[in-house]
Amino acid sequence: KPVLVWFRLDLRLSDHAPLWEAAREGGPVIPVYVWSPEEEAPWSPGGASRWWLHHSLTALDASLRAAGSRLIIRRGRVVKALADLVRETGAVTVYAHRRVEPAARQLEEEVVRAMSERGVKVRLWADSNLVDPDRVKTQSGEPFQVFTAFWRRCLALSDPPRPLPAPDRVPGPAVWPRGLSCERLELLPKPDWAAGLRATWRPGETAAGERLKRFLKDGWREYATRRDQPAEEGTSRLSPHLHFGEITPRQVWHAVREWAEGQGWNASRWRESAFLRELFWREFAGYLLWHFPHAVERPLRPEWERFPWREDAAGLRAWQRGRTGYPIVDAGMRELWHTGWMHNRVRMIVASFLVKDLRISWLEGARWFWDTLVDADLASNTMGWQWSAGCGVDAAPYFRVFHPVLQGQKFDPDGAYVRRWCPELARVPPEWIHRPFEAPPLLLEAAGVRLGRDYPEPVVSHAAARQAALAAWQSLRAGR
Ligand code: FAD
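Just so it is clear, the structure is predicted and the values come from calculations on it, not from any experiment. (Residues numbered from 1 in each chain as written. Predicted model: local features only at pLDDT ≥ 70, side-chain atom pairs only at ≥ 80, totals over all residues.)

**Some thoughts on the overall build of the protein chain**
Here is the rule: Secondary structure is summarised from DSSP: a helix means a run of H or I of at least four residues, a strand means a run of E of at least two, and numbering begins at the N terminus for each. It is over C-alpha atoms that the radius of gyration is taken, and the globule rule equals 2.2 Å times the number of residues to the power 0.38. We call two residues in contact whenever the C-beta atoms placed from their backbones are within 7 Å.
Within the protein chain, the regular secondary structure consists of 22 helices and five strands. Taking 480 residues into account, the globule formula puts the C-alpha radius of gyration at 23 Å, and the protein chain, at 24 Å, falls close to it. Projecting the C-alpha coordinates of the protein chain onto the three principal axes gives extents of approximately 75 × 50 × 50 Å. Partitioning the contacts of the protein chain with sequence separation of at least 6, the portion at a separation of at least 24 is 76%.

**Concerning the domain arrangement of the protein chain**
A common way to express how large an interface is: the accessible area buried when the components associate. Short version of the rule: For each domain, the first and last residues come from an automatic or database assignment. Residue classes follow a fixed rule: Ala, Val, Leu, Ile, Met, Phe, Trp, Tyr, Cys and Pro count as nonpolar, while Asp, Glu, Lys and Arg count as charged, and any other residue, Gly among them, counts as polar.
Domain parsing of the protein chain yields domain 1 (3-127), domain 2 (129-161 + 205-291) and domain 3 (302-478). A C-alpha centroid distance of 26 Å is found between domain 1 and domain 2. The partner domain 2 presents 16 residues to the 15 residues of domain 1 that form the contact. Considered class by class, the residues forming the side of domain 1 that touches domain 2 number seven nonpolar, three polar and five charged.

**Quick word on the confidence of the model for the protein chain**
Put simply, the rule reads: Confidence scores here are pLDDT values: one per residue, from the predictor, ranging 0 to 100.
Looking at the protein chain as a whole, the pLDDT averages 96, with 100% of positions reaching at least 70. Taken together, the chains of this predicted complex give a pTM of 0.97 and an interface ipTM of 0.99.

**So, the packing of helix 3 (residues 78-89) against helix 4 (residues 102-117)**
Stated formally: Lines fitted to the C-alpha atoms define the axes, with helices restricted to the stretch that makes contact. Angles between their N-to-C directions range from 0 to 180 degrees. In a left-handed crossing the near helix is turned counterclockwise from the far helix by less than a right angle, and in a right-handed crossing that turn is clockwise.
As a packed pair, helix 3 and helix 4 sit with axes 9 Å apart at the nearest point and diverge in direction by 35 degrees. Handedness of the crossing formed by helix 3 with helix 4: right-handed. Of the residues in helix 4, those in contact with Val78, Val79, Leu82 and Ala83 of helix 3 are Leu107, Glu110, Val111, Ala114 and Met115. Among the residues forming the contact of helix 3 with helix 4, the class breakdown is eight nonpolar, no polar and one charged.

**Comments concerning the environment of Trp193**
Cut-off, in case you're wondering: The burial label depends on the number of other C-beta atoms within 10 Å of a residue's C-beta. Counts of 20 or more mean buried, 12 or fewer mean exposed, and intermediate counts mean partly exposed, with C-beta atoms placed from the backbone.
Mapped onto the secondary structure, Trp193 falls in the loop between helix 5 (147-156) and helix 6 (195-200). Taking the C-beta count within 10 Å as the criterion, Trp193 has 13 such neighbours and is therefore assigned partly exposed.

**Quick word on the UniProt feature "domain: Photolyase/cryptochrome alpha/beta" (unreviewed entry) in the protein chain**
Counted only if it meets this: UniProt positions are given in the numbering used here, feature names are shortened, and annotations may be inferred rather than shown by experiment.
In this numbering, the UniProt entry assigns the feature "domain: Photolyase/cryptochrome alpha/beta" (unreviewed entry) to residues 1-130. Between the first and last C-alpha atoms of residues 1-130 the distance is 32 Å; the span itself is 43% helix and 20% strand.

**Thoughts on the pairing of strand 4 (residues 93-97)**
Under the convention used in this document: Whether two strands pair comes down to DSSP finding at least two bridges between them. Seen with the strands pointing away from the viewer, any crossover whose path from the first strand over the helix to the second strand runs clockwise is right-handed.
Taken across its five residues, strand 4 has four buried, putting it largely inside the fold. In this sheet, strand 5 (residues 121-125) lies alongside strand 4 in parallel orientation, the contact comprising five bridges. By the bridge assignment for strand 5, Tyr95 is matched with Arg123. Read from strand 4 through helix 4 to strand 5, the crossover connection turns out right-handed.

**Some details on the UniProt feature "binding site: FAD" (unreviewed entry) in the protein chain**
Listed under "binding site: FAD" (unreviewed entry) in the UniProt record, and renumbered for this structure, are Tyr223, Thr235, Ser236, Arg237, Leu238, Ser239, Phe275, Asp375, Ala376 and Asp377. Spatially, the listed residues are scattered: they cover 155 residues, and their C-alpha atoms lie as much as 22.8 Å apart. Counting through the fold element by element, Phe275 comes out in helix 12 (residues 274-291). For Phe275, a count of 20 C-beta atoms within 10 Å corresponds to the buried category. Residues contacting Phe275, with those up to four places away along its chain left out, are Trp220, Tyr223 and Val256.

**Examining helix 13 (residues 313-321)**
Counting along an α-helix, one turn takes 3.6 residues, and residues three or four places apart therefore face a common direction. Condition: Picture the helix axis, draw a direction to every C-beta atom, and the arc is the one those directions span.
Taken together, the buried positions of helix 13 are Gly315, Ala318 and Trp319. Relative to the axis of helix 13, the buried residues are bounded by an arc of 100 degrees and lie together on one face. Counted as exposed and oriented over 90 degrees from the buried face of helix 13: Ala313, Ala314 and Arg317. Against helix 14 (327-339) and helix 15 (344-357) lie the buried residues of helix 13.

**Some words on the pairing of strand 1 (residues 3-7)**
Sheet faces and side chains relate simply in a regular strand, where the side chains alternate between the two faces. Counting buried positions over the five residues of strand 1 gives five, a clear majority of the element. The alternating pattern of strand 1 places Val3, Val5 and Phe7 and Leu4 and Trp6 on opposite faces, both of which are buried. Handedness of the β-α-β unit built from strand 1, helix 1 (residues 17-24) and strand 2 (residues 29-35) comes out right-handed.

**Quick notes on the site of the ligand**
Selection criterion: Placing a C-beta atom from the backbone of each residue, we mark the residue near a molecule or strand if the atom is within 6 Å of it.
Around the ligand, the structure places 27 residues, and the nearest of them are Thr235, Ser236, Asn344, Asn381 and Gly384. Sorting the residues of the shell around the ligand by element identifies helix 9 (239-243), helix 12, helix 15 and helix 17 (378-389) as the ones contributing at least two each. In terms of domain composition, the shell around the ligand takes at least three residues from each of domain 2 (129-161 + 205-291) and domain 3 (302-478).

**Side note on unusual backbone geometry**
Omega for the bond connecting Gly27 with Pro28 falls within 30 degrees of zero, at -5 degrees, which places this linkage in the cis form. With respect to the helices and strands, the residue Pro28 is situated in the loop between helix 1 and strand 2. The amide bond that connects Ala41 to the next residue, Pro42, takes the cis arrangement and shows omega of 0 degrees. Take Pro42: it is sitting in the loop between strand 2 and helix 2 (47-66). With phi around 55 degrees, Glu186 is a residue other than glycine that occupies positive phi space. When you line up the elements, Glu186 lands in the loop between helix 5 and helix 6.

**Focus: the packing of helix 5 against helix 12**
Stated formally: Convention used here: angles under 35 degrees read as roughly parallel, angles over 145 as roughly antiparallel, angles from 65 to 115 as roughly perpendicular, and any remaining angle as oblique.
Close contact between helix 5 and helix 12 brings their axes to 10 Å; oriented N to C, the two are set at 105 degrees. With respect to helix 12, the axis of helix 5 lies roughly perpendicular. Note on element contacts: helix 12 touches helix 5 through Arg277, Phe280, Trp281, Glu283, Phe284 and Tyr287, opposite Phe147, Phe150, Trp151 and Cys154.

The following block contains the structure:
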């Protein structure tokens, strides 16, 4: 009897338990993807994510075809699309992966209900994360709210199971149901603004595997020392691949294990390495979203509902366009606009600038990232923003305000990152590159820069903005 394998954020063939199981049972297997952005609103995929999705679905279809199968794409409500396919193919089971996002979970429940009314069994796997959020709790049975305690608890669990290989063949039905071409989903931007994305990324499972291999060979050993330097390619850049499920965290985990064992490392050295620890930040994000689904729109710490955020359309626009007058902030925002990605250190700096220097709500920042990041992920983005704003669990305290000049000087000491993304500052000497507004005008002129003409004056004075932010925070505390 036919099995529908419902693809979601798991656009791969290897380490795919639903596909593996369906193929093992002998088929016929009908791989399905349903494009249903309305059902994820207001967090339906943004512009950069749609670009990625188009290419990832295309790559998935090609891999399925190489295994004798194909991807059936439908559009519209998921329940209806799956019910139609059940009727058309006589399928009696639906296999899929679970997701952690609130709207996606609700959809799962609807699918299970609607299918069971039709006598169709739904089987769900939870492999997008290393740990099952319901299994990891504090001693009093509560969800962890502190990363280090969560991470330690996770490390005490046994290693995740080894990843599954891709099935050699995915047996198909004698007659395929009809499906849409990927182009019909119109995921690619019009007009085409994606040149920077195309130049930077290759979506798909094959590219994800190659990126991991390259990172293990070239970047992993020095990750701990280079990961905070945005001018270098010191991190894996696996985040969009992980988000779309082109690679699984357990594939990453076991690849690291194999590599480290090959180097003679003992288990605690690689299990507690800086890189795998970062991977557990992703776990923690999914875990928090699972336990606190309201956090996508509301501060995790309820007293923050009263925080006096400012409405500042001009400030928000300057931030979005990379025209704040603070070079490290502007470089980050332009990297994001151009490539759909931003270095983690710079994400923290630009987020701090928005919520503290401009005192604009973290939700505005989260929405902009959502539309522009190729790795936009509801769990990680929500956690990152609430962490930066100080209203999440285990967050950076609000009173610790990043100084955009000092951060720039510390993490981009010779200004290479700023020069790459703000070319108008390319000739400014290192001493002034992070604070052109303090440079002697003649020196700036010699570097070809007149403030206000070639590069903006600062939109706020950091010192004054910091004082105002701290006063706002004090008012929140006083009202407690
Ligand atoms: P590496 O350093 O190579 O880390 C490996 C993997 O670990 C990453 O691919 C990612 O899956 C995970 N990881 C690393 N750091 C974090 C972290 N702090 N939080 C969660 N997971 C992490 N990450 C997203 O994937 N999607 C988002 O939408 C997102 N929004 C963010 C918003 C803000 C305000 C901040 C401060 C951080 C955000 N992050 C987000 C986390 C982090 O910046 C990215 O995961 C990281 O920069 C991805 O680059 P990489 O793959 O080279 O990471």
